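# An overview of the molecular structure
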Amino acid sequence: YFFCPIGVEELDKVRTAIFMFVDLFGLTRFDKDSLIRFTLTVKKNYRRVPYHNWTHGFSVANSMYTIIKHSPKSFRPLECLALFVGSLCHDLDHRGKNNKFMLETESPLAAIYTTSTLEHHHFNQTVTILQQDGHNIFGKLTSNEYKQVLGNIKHCILATDLAMFFPNKAKVNQLLEEKTFDWDNTEHRIAYLYLCGWRAHWKGGLQGRERQACKEVEAGEVGTEETRAGESGEANEPAAYAGNTETVESLEAAEVEVTGLLIEAIAMTACDLCASAKPWDIQVETVKVIFEEFYEQGDAEKAAGKSPIPMMDRDKMDDQADSQVGFLSGICMPCYELLFRLLPITEPLLLGCKKNLDTWKQIAEDKKKLMESKQQEEEGEETDTGIEEVNEDDEEQTVEEIDDDCSETKDSNQKGDGT
């Protein structure tokens, strides 16, 4: 989790990415030459923007590699394949501007993809690379496997749109809080398809009664009284499938394909934000390039006659610490807390993020105190006349004593003059 990609040569990142792929999946079902061409072309199609570049894509893939290596039973092989490749390709051809900018500037991409504009483009770039001669790393997969992996890669890449994270987080939190989350529960697995908003894709790949099963999940017909424990105390099959083992087996086969889609999305978000959980020295260097990219967008917005938000305004660099506190506490920490509850092996991400958040809070507090101190000094300078008034407590002689001395001196002078 603490690997530092900064300073690693570009081709060394390619070699390491290939190593991670082979370590996870081997070469039995993958052509090595195709893998090398694919990885090199992925690197080439990351633009030279300050942050969303090849280094970022590589770093996210490395974080996903770590999660998969430490939780081998959490995802199925094809899911792992989609997660890793999706992580490596998730920001292909990123322009250094966000979706909001694309929409407001009427970018051609925004005309093609009205939601998750950049993420759809990143997936399209991934498919385009796979279609190049000698680049299809999935060439040895069956037709069904290929469709499944490609569809899952799409969902993984779209999950990196932070707008997708919040509804997914709310749904998982609800299940966890109600203590109804169960990985071994058939209804939950199929229900995730519905909850994630991905039912249309997967239903399109199902036929006959399997497709009807998904429709019944949507209609709320799975999980009714018929499915609850009977008199014997054993769980009954849904009424529509009672005594029909063929349909139940088909349903179970279908559920395997959708198992973990929601947790995949959360894992993608967590890996995309991995810089927030890195050791402090890596965090600081990464934040520098993140804000440089933000400021470049802010400059473009100013050039277009618009006012950028403070986080993207280079005239407000003093707000960086506050921005980081808001980002880490509002997005990163909730993400890692949720992922930790689902995959406890990801605790280092949670602890790393919390440590960085505490440091940013301290920096923000110190800046606030410094600004308050400067403000008080400036206010004091504005009211200062430059004249020091008499402080009688500090004087050896009081005003009255001096007055008496003056009177005695006057009397003696008058006597000396004979007056």
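Conventions adopted
- Residues numbered from 1 in each chain as written.
- Predicted model: local features only at pLDDT ≥ 70, side-chain atom pairs only at ≥ 80, totals over all residues.
- Heavy atoms only, no water.
- 1 Å grid on protein atoms, 1.4 Å probe; cavity = no way out; pocket = protein on both sides within 12 Å on 5 of 7 lines; lining within 4 Å.
- Points joined across faces, edges and corners; volume = space filled by probe spheres on them.
- Helix = DSSP H or I, 4+ residues; strand = E, 2+ residues; numbered from the N terminus.
- Nonpolar A, V, L, I, M, F, W, Y, C, P; charged D, E, K, R; others polar.
- Buried < 20%, exposed > 50% of the residue type's maximum accessible area, 1.4 Å probe, protein only.
- UniProt positions renumbered as here; feature names shortened; annotations may be inferred.
- Contact = heavy atoms within 4.5 Å.
- Axes fitted to C-alpha atoms, helices over the stretch in contact; angles between N-to-C directions.
- Parallel < 35°, antiparallel > 145°, perpendicular 65-115°, else oblique.
- Left-handed = near helix turned anticlockwise from the far one by under 90°.
- Patch = residues over 30% accessible without salt bridge, like charges linked within 9 Å, V, L, I, M, F, W, Y side chains within 5 Å.
- Areas by Shrake-Rupley, 256 points an atom, 1.4 Å probe, with all protein chains shown as cover.
- Salt bridge = Lys/Arg side-chain N within 4 Å of Asp/Glu carboxyl O.
- Core = buried A, V, L, I, M, F, W, Y, C linked by side-chain atoms within 4.5 Å.
- Phe/Tyr/Trp six-rings, centres within 6.5 Å; stacked < 30°, edge-to-face > 60°.
- Lys NZ or Arg CZ within 6 Å of the ring centre and 35° of its normal.
- pLDDT = per-residue confidence, 0-100.

Once that is clear, we can look at empty space enclosed by the protein. Summed over the entire model, instances satisfying the criterion amount to four cavities of 30 Å³ or more. Taken together, Ala17, Ile18, Phe21, Leu35, Phe38, Thr39, Phe84, Val85, Leu88 and Ile137 form the lining of the largest cavity. Elements with a minimum of two residues in the lining of the largest cavity: helix 1 (10-25), helix 2 (32-44) and helix 4 (77-89). Tallied by class, the residues present in the lining of the largest cavity amount to nine nonpolar, one polar and no charged.

What follows covers unusual backbone geometry. Of note in this structure, glutamate 106 is not a glycine but carries a positive phi near 55°. Within the secondary structure, glutamate 106 is located in the loop between helix 5 (99-104) and helix 6 (108-112). Classification of glutamate 106 as exposed rests on a relative accessible area of 69%. If you check the backbone angles, serine 116 has positive phi at about 45° while not being a glycine.

Feature annotation in UniProt places "binding site: Zn(2+) 2" (unreviewed entry) on Asp91, given in this structure's numbering. In contact with aspartate 91, other than residues within four places in its own chain, are Tyr46, His52, His56, His122 and Asp272.

Another aspect to go through is the packing of helix 9 (residues 162-177) against helix 14 (residues 261-272). Two elements in contact, helix 9 and helix 14, have axes whose closest approach is 10 Å; the angle formed by their N-to-C orientations is 130°. With respect to helix 14, the element helix 9 is oriented oblique. As for how helix 9 packs across helix 14, the hand of that crossing is left-handed. Contacts from Leu162, Phe165, Asn168 and Val172 of helix 9 reach helix 14 at Leu262, Ala265, Ile266 and Thr269. By residue class, the composition of the contact of helix 9 with helix 14 is six nonpolar, two polar and no charged.

This paragraph deals with the environment of cysteine 274. Here cysteine 274 shows up in the loop between helix 14 and helix 15 (280-303). Spatially, the C-alpha atom of cysteine 274 lies 6.8 Å from that of valine 60, the residues being 214 residues apart in sequence.

This next bit is on a nonpolar patch on the surface. Taken together, the side chains of Leu11, Ile36 and Leu40 present a nonpolar region at the surface, about 220 Å² in accessible area. The topology assignment puts leucine 40 in helix 2. By relative accessible area, leucine 40 is classed as partly exposed at 36%.

A few words on the layout of surface pockets. Here the largest pocket is characterised by a volume of approximately 1100 Å³. Residue lining of the largest pocket: 42 residues in total, with Asn98, Leu162, Phe294, Met312 and Phe327 positioned closest to the centre. Put simply, the parts of the chain that give the lining of the largest pocket at least two residues each are helix 5, helix 7 (117-130), helix 9, helix 15 and helix 16 (320-342). The element that contributes the greatest number of residues to the lining of the largest pocket is helix 15, accounting for eight residues. Of the residues in the lining of the largest pocket, the class split is 18 nonpolar, 14 polar and ten charged.

A separate point is the nonpolar core. Formed by 83 residues in total, the largest nonpolar core has its most connected members in Phe21, Val42, Leu81, Val85, Phe138 and Tyr336. No other element matches helix 16, which puts eleven residues into this core. Apart from the residues within four sequence positions on either side, leucine 81 is in contact with Phe21, Phe25, Phe30, Phe138, Leu141 and Val149.

A few words now on the packing of aromatic side chains. If you walk through the whole model with that rule in mind, you get 13 aromatic pairs. Within the aromatic cluster, the residues linked to one another by ring pairs are Phe3, Tyr46, Trp54 and Phe58. Seen from the ring of phenylalanine 101, lysine 97 lies directly overhead, with NZ or CZ sitting 5.9 Å from the centre.

The next subject is the confidence of the model for the chain. In the predicted model, the chain carries a mean pLDDT of 81, and the fraction of residues at 70 or more is 71%. Contacts for the low-pLDDT stretch residues 186-259, under 50 throughout, to residues beyond four places or in other chains number 91 contacts.

Attention shifts here to the packing of helix 3 (residues 54-70) against helix 4. For the pair helix 3 and helix 4, interaxial distance at closest approach is 7 Å and the crossing angle is 160°. In terms of orientation, helix 3 and helix 4 fall into the roughly antiparallel class. Helix 4 is crossed by helix 3, and the crossing has right-handed handedness. On helix 4, the residues touching Trp54, Gly57, Phe58, Val60, Ala61, Met64, Tyr65 and Ile68 of helix 3 are Cys80, Leu83, Phe84, Ser87 and Leu88. When its residues are assigned to classes, the contact of helix 3 with helix 4 shows eleven nonpolar, two polar and no charged.

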